[in-house]
Amino acid sequence: MKNQIVSLLIVIVPIIAFSQKSDLSQYNNTINKVKEEVTYFKIEKINAQFYMLVGGGGNVGVFINDKEVVLIDNSYEIIEDILMASLREITDKPIKFIINTHFHHDHSDGNRAFGKQGIPIVSHQNAKKRMMEDAELYGGIYSFIKDFVQPKYNDASLPVFTYESKMTLTQGDEEIELYNFGKAHTDGDSVVVFKNNNIIHTGDAFVRYGYPYVDLNNGGSIKGLIDLLGMLELLCDENTILIPGHGDLSRKEDVTSLKNTLNDLYVKTVIGLKKGLSYSEISDSIEETLNGDTSVKLNYIKSIELELSRN
Ligand SMILES: [Zn+2]
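Because the structure is a prediction, the values reported are computed rather than measured. (Residues numbered from 1 in each chain as written. Predicted model: local features only at pLDDT ≥ 70, side-chain atom pairs only at ≥ 80, totals over all residues. Heavy atoms only, no water.)

Engineer: How would you summarise the overall build of the protein if you had to cite specific residues and measurements?
Structural biologist: Along the backbone of the protein there are 10 helices and 14 strands. By the compact-globule yardstick of 19 Å for 311 residues, the protein fits well, its C-alpha radius of gyration being 21 Å. For the protein, the spread of C-alpha atoms along the principal axes amounts to about 70 × 60 × 35 Å. Each of the 311 residues in the protein was classed as buried or not, and the buried ones make up 50%. Considering only intrachain contacts with a sequence separation of at least 6, the fraction spanning at least 24 residues in the protein is 66%. Summed over its atoms, the accessible surface of the protein is roughly 14,600 Å², and 51% of this surface lies on carbon and sulfur atoms. When the 31 positive and 43 negative side-chain charges of the protein are each reduced to one mean point, those points stand 4 Å apart. (Helix = DSSP H or I, 4+ residues; strand = E, 2+ residues; numbered from the N terminus. Rg over C-alpha atoms; globule rule 2.2 N^0.38 Å. Buried < 20%, exposed > 50% of the residue type's maximum accessible area, 1.4 Å probe, protein only. Contact = heavy atoms within 4.5 Å. Areas by Shrake-Rupley, 256 points an atom, 1.4 Å probe, with all protein chains shown as cover. Lys, Arg positive; Asp, Glu negative; His and termini not counted. Charge placed at Lys NZ, Arg CZ, Asp CG, Glu CD.)

Structure representation (structure tokens):
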């Protein structure tokens, strides 16, 4: 009997330890919600070669040339059929390859469907690295991301082409440039520039929902994100169209506006912390409330303090 109890414990203990470390309930809830709620992707035409699909997860970019299609991000595996139905309303050409702007599930979960079909996936090297393990996302800015663990990707759904700093891909007469500017939304972000079309897919390095989420658990940096927005401005001219990670098509001035707002918040937080001000005193010194939500502004201030403590 004693031996039986010991062997039972040996079995149970690792299961408990494993389930605590890799609690996928939040991820599974999200997937179920996406399955329940997303019935179509809205098709937004940008020009003859370019579309944006808006549905579950981040904005999906669609580039079409004479023979083939390139997707930028691919939403969720569980609604691949819905994504494909929208794509097939635009074109019947095959998908040549897929670019992941970063490793987060709402942008790259579709890898789990498209990878096993043999469609090559391209990403920054750190995005691939993050996909190879279960990843607990930073929960300090938006409370609904607390305790969110994203499961690792299997081999078939991992990117097959990666790069370190910049990569150029030629597709027909289009030149596609992928830039990584270091730590920003994560440590594996790609800003994807379609030079001839003058269209940039930014991934979550630029978003329109208010205070941008920054994944401090996975190499992200608020200071780095502000720096990236400065680099992004330099890649734009007055005619550039930006596909943000989330939200409406944007222009250079929208990038400038977000950069200035975040920079003001960052500088006032650094100075406020040095002066020994409280979080709410620092918050009061910052006029802008991007989401109209003071609690997120306070979380941002605390997250900047956390980032500074790590440097
Ligand atoms: Zn993201």
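Next comes the rest of the write-up.
Engineer: Which residues make up the coordination of the zinc ion, and what values do they have?
Structural biologist: Summarising the metal site, the zinc ion is bound by the protein donors His 102 (NE2), His 104 (ND1), His 185 (NE2) and Asp 204 (OD), whose distances to it range over 2.2 to 2.3 Å. Its 4 donor atoms give the zinc ion angles of 88 to 168 degrees at the centre, a pattern that matches the irregular case. Sequence spacing of the donors to the zinc ion: H-x1-H-x80-H-x18-D. Remark: His 185 occurs in the loop between strand 11 (174–179) and strand 12 (191–194) and His 104 occurs in the loop between strand 5 (95–99) and helix 4 (105–108); sequence separation between them is 81 residues. (Donors = N, O, S within 2.8 Å, 3.2 Å for Na, K, Ca; no water. Tetrahedral: all angles 85-135°; square planar, octahedral: opposite > 155°, others 65-115°.)

Engineer: Now, about the sheet that holds strand 13 (residues 199–203): what can you tell me, with residues and values included?
Structural biologist: The mixed open sheet is built from 5 strands, whose spatial order is 10-11-12-13-14. Of all the strands in the sheet, just strand 10 (166–171) and strand 14 (241–244) have a single pairing partner and so form its edges. Put simply, the sheet's adjacent strands are angled 20 degrees from each other on average, direction ignored. In the packing of helix 7 (residues 222–235) onto the sheet, the strands contacted are strand 11, strand 12, strand 13 and strand 14, and the crossing angle to strand 12 comes to about 0 degrees. (Pairing = 2+ DSSP bridges. Axes fitted to C-alpha atoms, helices over the stretch in contact; angles between N-to-C directions.)

Engineer: Account for the confidence of the model for the protein, naming residues and giving values.
Structural biologist: Regions with low pLDDT should not have their predicted coordinates read in detail. This prediction gives the protein a mean pLDDT of 93; 93% of its residues lie at or above 70. Scored below 50 in pLDDT, residues 8–19 shows 1 contact in the model against residues more than four places distant or in partner chains. (pLDDT = per-residue confidence, 0-100.)

Engineer: Break down the pattern of salt bridges for me, citing the residues and quoting the values.
Structural biologist: Scanning the entire structure with this criterion turns up 13 salt bridges. Salt-bridge contacts for Asp 109 lead to Arg 112; the nearest nitrogen and oxygen are separated by 2.9 Å. Residue Asp 109 is classed as buried on the basis of its relative accessible area of 1%. Between Lys 166 and Glu 177 there is a salt bridge; the shortest N-O distance is 3.4 Å. Linking Lys 166 in strand 10 with Glu 177 in strand 11, this pair joins segments that are 11 residues apart in sequence. A network of salt bridges, in which partner residues are shared, links Lys 166, Glu 175, Glu 177 and Lys 195. (Salt bridge = Lys/Arg side-chain N within 4 Å of Asp/Glu carboxyl O.)

Engineer: Which residues make up helix 10 (residues 294–310), and what values go with them?
Structural biologist: Here helix 10 is 17 residues long and its end C-alpha atoms lie 25 Å apart, about the 24 Å a rise of 1.5 Å per residue gives. Of the positions making up helix 10, those classed as buried are Val 296, Lys 297, Tyr 300, Ile 301, Ser 303, Ile 304 and Glu 307. Viewed along the axis of helix 10, the buried residues span an arc of 165 degrees, placing them on a single side of the element. Considering only its buried residues, helix 10 is in contact with helix 7, helix 8 (252–275) and helix 9 (279–285). (Expected span 1.5 Å × (residues − 1). Arc of directions from axis to C-beta.)

Engineer: Describe helix 3 (residues 80–90), with residues and values.
Structural biologist: Those residues of helix 3 that fall on the buried side of the exposure criterion are Ile 82, Leu 83, Met 84, Ser 86 and Leu 87. Packing partners of the buried residues in helix 3 comprise strand 1 (42–47), strand 2 (50–54), strand 3 (60–64), strand 4 (69–72), strand 5 and helix 5 (111–114).

Engineer: Go over unusual backbone geometry, please, and point to the residues and values.
Structural biologist: Positive phi is not limited to glycine here, since Asp 73 has a value of about 70 degrees. Taking relative accessible area as the criterion, Asp 73 reaches 0% and is therefore assigned buried.

Engineer: Tell me what's going on with the packing of aromatic side chains, and back it up with residues and numbers.
Structural biologist: For the coordinates displayed, the defined rule picks out 8 aromatic pairs. Here Phe 50 and Phe 194 contribute two aromatic rings whose centre-to-centre distance is 4.8 Å and whose plane-to-plane angle is 85 degrees, an arrangement assigned as edge-to-face. Placement of Phe 50 in strand 2 and of Phe 194 in strand 12 is noted, with a sequence separation of 144 residues between them. Judged by its relative accessible area of 1%, Phe 50 is buried. On the basis of relative accessibility, which here comes to 0%, the residue Phe 194 falls in the buried class. Every member of this aromatic cluster is reached through a ring pair, and the members are Phe 50, Phe 63 and Phe 194. We note Arg 112 situated over the ring of Tyr 153; from NZ or CZ to the ring centre the distance is 3.9 Å. (Phe/Tyr/Trp six-rings, centres within 6.5 Å; stacked < 30°, edge-to-face > 60°. Lys NZ or Arg CZ within 6 Å of the ring centre and 35° of its normal.)

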